[in-house]
Amino acid sequence: MDYEPIIGLEVHIQLKTKTKAFCGCSTTYGSEENTQTCPVCLGMLGALPVLNEEVVNFAIKLGLATESEIASKSIFSRKNYFYPDLTKGYQISQYDKPILENGKLEIETENGSKKIGITRIHIEEDTGKSNHSETFVNSTGLDFNRCGTALLEMVSEPEISNSKEASAYIAALRQLVRYLGICDGNLEEGSMRCDANISVRPVGQEKFGTKVEVKNMNSLRNVEKAIDYEIKRQIQDIKNGKEIQQVTCLWNAEKGITIPMRSKEDSDDYRYFPEPDLVPLLVNENWINEVERTLPELPSAKRNRFQKDFKLSAYDSGVLSASKEIADYFEETLKFSKDPKQTANLVMGEVMRILKETKLEVNEIKVTPEKLGEILTLLKGKKINQQAAKTIFDEVAETGEKPEKVMKAKGLEQVLDSNEMETWLEEVIAENPNEVERFKNGERQLQGFFMGQIMKKSRGKANPGMVAKLLNQKLN
Amino acid sequence: MSSYFFLEDNSVETTVKKYLKKIDENSHLNAFITVAENYALEQAKIVDEKIKNRTAGKLAGLVISLKDLICTKGIRTTAGSKILENFIPPYDASLVKNLKNEDAVIIGKNNLDEFAMGSSNETSAFGKVLHPLDNSLVPGGSSGGSAVSVAAGLSRVSLGSETGGSIRQPAAFCGVVGLKTTYGRVSRYGVTAFASSFDQVGPIGKTVEDVARVTEVISGFDKMDSTSAPNSVPDYTQFLNQDVKGLKMGVLKECFDEGVDPEIKKSVLETIELLRKNGAEIKEVSLPLLKYGIATYYILTTAEASANLARYDGIRYTYRNGEAKGLDEVYVKSRSEGFGTEVKRRIMLGTYVLSAGYYDAFYAKGQKVRTLMQKEMNETFAGLDCILAPTTPNLPFKAGEKLDDPLKMYLNDIFTVSANLTGIPSLSVPCGNAKNGLPIGIQIMAKSFDEGMTFRVGDFIEKNIKILA
């Protein structure tokens, strides 16, 4: 019998609002322990939460970007449980009336694009961090800097069919939240945290199988590996006549297995009830419209526009719109260069290479859009050739000099004078009689050798097209 | 100098010393958990200086005490619980800031039922509070220390808090004036929570005017409390020294049924008669849902309390059993030892009513009844200025008498809880004495944010009824 997996994902999106969800404490990452706290986030007596409006703005942004229904009235609830890093003994969350419902997220799969339904997205606060490391002998360290930071929890419909789709979903969401500027989208550092609900059922069966929740997958690779493992395990267990238990598991990346943490029976009763310290959250059309005005062009729209307006391939459009910063850089450069294809080539080639090598952000490199545009203009005006363009690019990346100045200083201006080129060609022919003989006997691949020799003589300044033409005239 | 209403002596320092002496002489009443002697004397000197420079605030001269669940920066705040026995807040409640801005001097923190849970002030971890007139009786609760403090002259005014009658009942028992403010009138920021959708701070004083003047200072919107109301705060003294001619008053029928002490009934009816003679239009009104009041109140308040008290977990600033090993033991031992019986009873009740499978039958239903009661109250108030009722069904009772019978104890709040469930203001003023001299209180309920009406009627009663000192 064949089995098919059913996967739903729950993603916690840590919002990069300047201050926490319900108090004025800073959310800066990596500060000294317990320096970003106050009576409110420490849960001291009488301290009360006040909703940070920026959190709502961010939620509305994600709602608009996922075509979710934005509730005109949503309610905060208390989720009650005891844990040392939860200061109040309850987490402020949303339960039966979340701010966002019924959205969708488009993902790219092997069989084209697919829309995954989003059941709900709600606002909640993060907990502090427990430190169980050896620094604390026979005790646990508690850091409340993160406690009270705003999160959006996004729950998908069980419409994801395999691990590849799951990672595509996470990747698409990560791209989206980065575009919207609401989250760093960093899985490794935990600013995006993902849990998967996985079940399998015989193909053709309507009823869902028993689901298992898998936590602790902190990279796209681990999401895929954990889901693949869990699907395989469940099918194997069913084939061996074992019943699937409804449990929560942790993914152990080192061992490559999922380990059961707790079963449904001893799961907590969170005793949700409406948070009496907060009034209902009312969002009217005006508020939504205001946020909508600040919404950037979304990745899919940008990708389509690049294809349509700039006649770029689907692949190139995808690469260039992968991050908003790269896309902006590309379009800004285009203003100076006016040549989409050439610009795309240099951005995807040289710029991406430099970013990888230097680990800088695109807005930090010395080759500004204006300077890259200048290089492209020199190239287009045939003042330099490809080779020289790369040399100039590297020099500008290093020094930040103006491209034209670099060109002149290095003497890289392209030579279009055919007399000069003929001289170089004569010299090369005279110096390499054997190769000339072989070329004439049909070893056409030696053309590259001759090109290289001429380029060397010209110190890269010769125009390759003209050289090729001359070469064919002389040797045929 | 005479422009400062609360000024009692040549200097505030003298006044503070006078009250400190009284506190000392009456320590057996156990009305204070913490006396902030040094702080009060220092502040008095500062205020005296300000008075000299004519820069002092409205409350200059006022020596005030606070129920010990109102957070005071640098002064221990215990909520009457062992679990907070050593907690010194690093912040002031917003209303404390208001008091300080107007130059009131805080002399100390009054005893209370632990976490304001009680009607007799017998559940405090710092010992019970005694009734000043007869030490074998309870002073009422939960703001018992506050009422006793004012009645015995240990402070001019004290701030208490209400979740269900906790200001008015002890005020009535001790023969002083107590106001339950409209929900949202006074910021709750820095006020230890019992049941967040009920809790409100209000003053207890010897006179309606004292209460009115302090109410004005502590009221108003606070951006630190999302549930505080934006309504403007009137000058409440304008409601004093008025007549009651033409005022339309309802008399709550249910409060004169059997089960009400006959002496209380008599005294309250006489007061109502006095109002009628002075031109008030009196009509009988009924709140049929009142009979569900106590049940609804205990379901909703315990539910909220079970969550509000979860933060006292032995992890950060609360009492921790030093021997406890492992996390579960820290929780269990610290909370079992840190909380008293009544508090634990209510946490368990509240946890139960919120549990899966019981939520709809209890908490959700309780919310529905509360909504219906609010609707009923609004309808009843149509065409009325205020509603009158006895504050309590009985006179102060013997200490220990109801401590082991929670239901009996809870029924003490039967006349007061409707104001708490519906959010309206209600003022209790003394209206007579029983034959044995014990005080009797009448409460004046008004529409939301119409504290002024309660002052107008209360002030009239105060000035036209003869009451034993």
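A. Representation of the overall build of chain B in the model. Tallying secondary structure elements over chain B gives 14 helices and 11 strands in all. For a compact globule of 469 residues, the expected C-alpha radius of gyration is about 23 Å, and chain B comes in at 21 Å, within 12% of that figure. Once the C-alpha set of chain B is aligned to its principal axes, its extents read approximately 70 × 60 × 45 Å. A sequence separation of at least 24 residues applies to 76% of the contacts in chain B between residues at least 6 apart. For chain B, the exposed surface amounts to about 16900 Å²; the carbon and sulfur share of it is 52%. Taking the average location of the 55 positive side-chain charges in chain B and that of its 55 negative ones, the two points are 1 Å from each other.

B. Local environment of the sheet that holds strand β11 (residues 439-445) of chain B. Residue and element names in this part refer to chain B. Ordered by their spatial adjacency, 11 strands build an open sheet running β1-β3-β2-β4-β6-β5-β10-β11-β9-β7-β8, and the pairing between neighbours is mixed. For this open sheet the edge positions go to β1 (32-35) and β8 (281-285), each flanked by a neighbour on one side alone. Going across the sheet, the axis of each strand differs from the next one's by a mean of 30°, ignoring polarity. Against the sheet, helix α4 (residues 144-151) contacts β1, β2 (63-67), β3 (105-110), β4 (157-162) and β6 (200-205), and its axis sits at roughly 155° relative to β4. Lying on the sheet, helix α11 (residues 360-381) is in contact with β8, β9 (386-390) and β11; it crosses β9 at an angle near 110°.

C. Fine view of the domain arrangement of chain A. Under the domain assignment used here, chain A contains domain 1 (3-290), domain 2 (299-409) and domain 3 (418-475). Spacing between the C-alpha centres of domain 1 of chain A and domain 3 of chain A amounts to 64 Å.

D. Up close: the interface of chain A and chain B. On the side of chain B, 39 residues touch chain A, which itself brings 31 residues to the contact. Between chain A and chain B, roughly 2800 Å² of surface is buried when both sides are summed, and carbon and sulfur atoms account for 62% of that area. Notably, a salt bridge pairs D277 of chain A with R188 of chain B, separated by 3.0 Å at the nearest N-O pair. At the level of secondary structure, the elements contributing two or more residues to the side of chain A that touches chain B comprise β4 (76-80) and β15 (273-274) of chain A.

E. View of the nonpolar core. Ranked by internal contacts, the top residues of the largest apolar core, which has 144 residues, are I13, L62 and Y169 of chain A together with L95, L99, F115 and L159 of chain B. Here this core gets 9 residues from one element, more than from any other, and that element is helix α2 (residues 163-180) of chain A. If we ignore the near neighbours within four places in the chain, the residues touching F115 of chain B are A79, S81, I83, L84, T192, F194, L309, Y312, F339 and V343 of chain B. Counting residues in hydrophobic clusters, the runner-up holds 50 residues, among them M249, M453, F455 and I465 of chain B.

F. A look at the packing of helix α6 (residues 208-218) of chain B against helix α14 (residues 451-464) of chain B. Residue and element names in this part refer to chain B. The interhelical angle for the contact between α6 and α14, taken along N-to-C directions, is 155°, at an axis separation of 9 Å. Between α6 and α14, the interaxial angle falls into the category roughly antiparallel. Listed contacts from α14 to V208, V211, A212 and T215 of α6 are F455, G458, D459 and E462. Residue classes in the contact of α6 with α14 are distributed as 4 nonpolar, 2 polar and 2 charged.

G. Broad picture of the pairing of β4 of chain A. Residue and element names in this part refer to chain A. Within β4, 5 of the 5 residues are buried, leaving the element largely enclosed by the surrounding structure. Every second residue of β4 is oriented toward a common face, with F76, R78 and N80 on one face and S77 and K79 on the other, all of them buried. Where β4 and strand β5 (residues 90-94) come together, 5 bridges link them in antiparallel fashion. Within the sheet, the bridge partner assigned to S77 lies in β5 and is S93. Looking at chain direction, β4 and β15 are connected through 2 bridges and run antiparallel. Bridged to S77 within β15 is P274.

H. Molecular detail of the packing of helix α1 (residues 53-65) of chain A against α2 of chain A. Residues and elements named next belong to chain A. Look at α1 against α2: their axes get within 10 Å of each other, and the N-to-C directions meet at 130°. With respect to their mutual orientation, α1 and α2 come out oblique. The interaxial crossing formed by α1 with α2 has right-handed handedness. Every residue of α2 that contacts α1 at K61, L62 and A65 is listed here: L173, L176, V177 and L180.

I. Expanded view of the pattern of salt bridges. Residues and elements named next belong to chain B. Evaluated as defined, the whole model comprises 59 salt bridges over all chains. A salt bridge links D103 to K50; its shortest N-O distance comes to 2.9 Å. Remark: K50 occurs in helix α2 (residues 37-52) and D103 occurs in the loop between α3 (94-101) and β3; sequence separation between them is 53 residues. A residue is classified by how much of its surface remains accessible, and D103, at 5% relative accessible area, is buried.

J. Representation of empty space enclosed by the protein in the model. Residue and element names in this part refer to chain A. Applying the stated criterion across every chain yields a total of 5 cavities of 30 Å³ or more. There is about 100 Å³ of room inside the largest cavity. Contributing to the lining of the largest cavity are 16 residues, with F22, V40, P49, K88 and E125 lying nearest its centre. Considering only residue class, the lining of the largest cavity consists of 9 nonpolar, 1 polar and 6 charged.

Criteria and cut-off values
- Sequence order sets the numbering: in each chain, residues are counted from 1 along the sequence as written.
- Written order decides the labels, with chains lettered from A and ligands numbered from 1.
- Restriction of local features to residues with pLDDT of at least 70 applies here, the model being predicted, together with a cutoff of 80 or more for giving and counting side-chain atom pairs; totals for whole chains, interfaces and linings are based on all residues.
- Based on all heavy atoms of the structure, the side-chain values leave hydrogens and waters out of the count.
- A run of H or I in DSSP counts as a helix once it spans at least four residues, and a run of E counts as a strand once it spans at least two, with each numbered from the N terminus.
- Just to be clear, the radius of gyration here is over C-alpha atoms, and the globule rule we use is 2.2 Å times residues to the power 0.38.
- In this description, contact between two residues means that some pair of their heavy atoms is separated by no more than 4.5 Å.
- Using the Shrake-Rupley algorithm and a 1.4 Å probe, accessible areas are obtained, with residue cover drawn only from the displayed protein chains.
- Positive charges are assigned to Lys and Arg, negative charges to Asp and Glu, while His and the chain termini are left out of the count.
- For this purpose, a charge sits on NZ of Lys, CZ of Arg, CG of Asp or CD of Glu.
- We treat two strands as partners when DSSP finds at least two bridges between them.
- Axes, fitted as lines to C-alpha atoms, cover a helix only where it is in contact. Angles between the N-to-C directions of the axes lie from 0 to 180 degrees.
- Domain borders in the structure are assigned automatically or taken from a domain database.
- Using a 1.4 Å probe, buried area is obtained as the accessible area two parts lose upon being combined, added over both of them.
- For salt bridges, the criterion is a side-chain nitrogen of Lys or Arg within 4 Å of an Asp or Glu carboxyl oxygen.
- What makes a nonpolar core is a set of buried Ala, Val, Leu, Ile, Met, Phe, Trp, Tyr and Cys residues whose side-chain atoms join them at distances within 4.5 Å.
- Only protein chains enter the calculation, and the probe is 1.4 Å; a residue is then buried if its accessible area is under 20% of its type maximum, exposed if over 50%, and partly exposed in between.
- Working rule for angles: under 35 degrees goes down as roughly parallel, over 145 as roughly antiparallel, 65 to 115 as roughly perpendicular, anything else as oblique.
- Lys, Arg, Asp and Glu make up the charged group, whereas Ala, Val, Leu, Ile, Met, Phe, Trp, Tyr, Cys and Pro make up the nonpolar group; the residues left over, Gly among them, are polar.
- It is the rotation of the near helix from the far one that decides the hand of a crossing: anticlockwise by less than a right angle makes it left-handed, clockwise makes it right-handed.
- Buried and open spaces are told apart on a 1 Å grid over the protein atoms alone, a cavity being a set of points where a 1.4 Å probe fits but cannot get out and a pocket being an open set with protein on both sides within 12 Å along at least five of seven lines. Residues with an atom within 4 Å of a point are the lining residues.
- Grid points are joined across faces, edges and corners, and a volume is the space filled by probe spheres set on the points.

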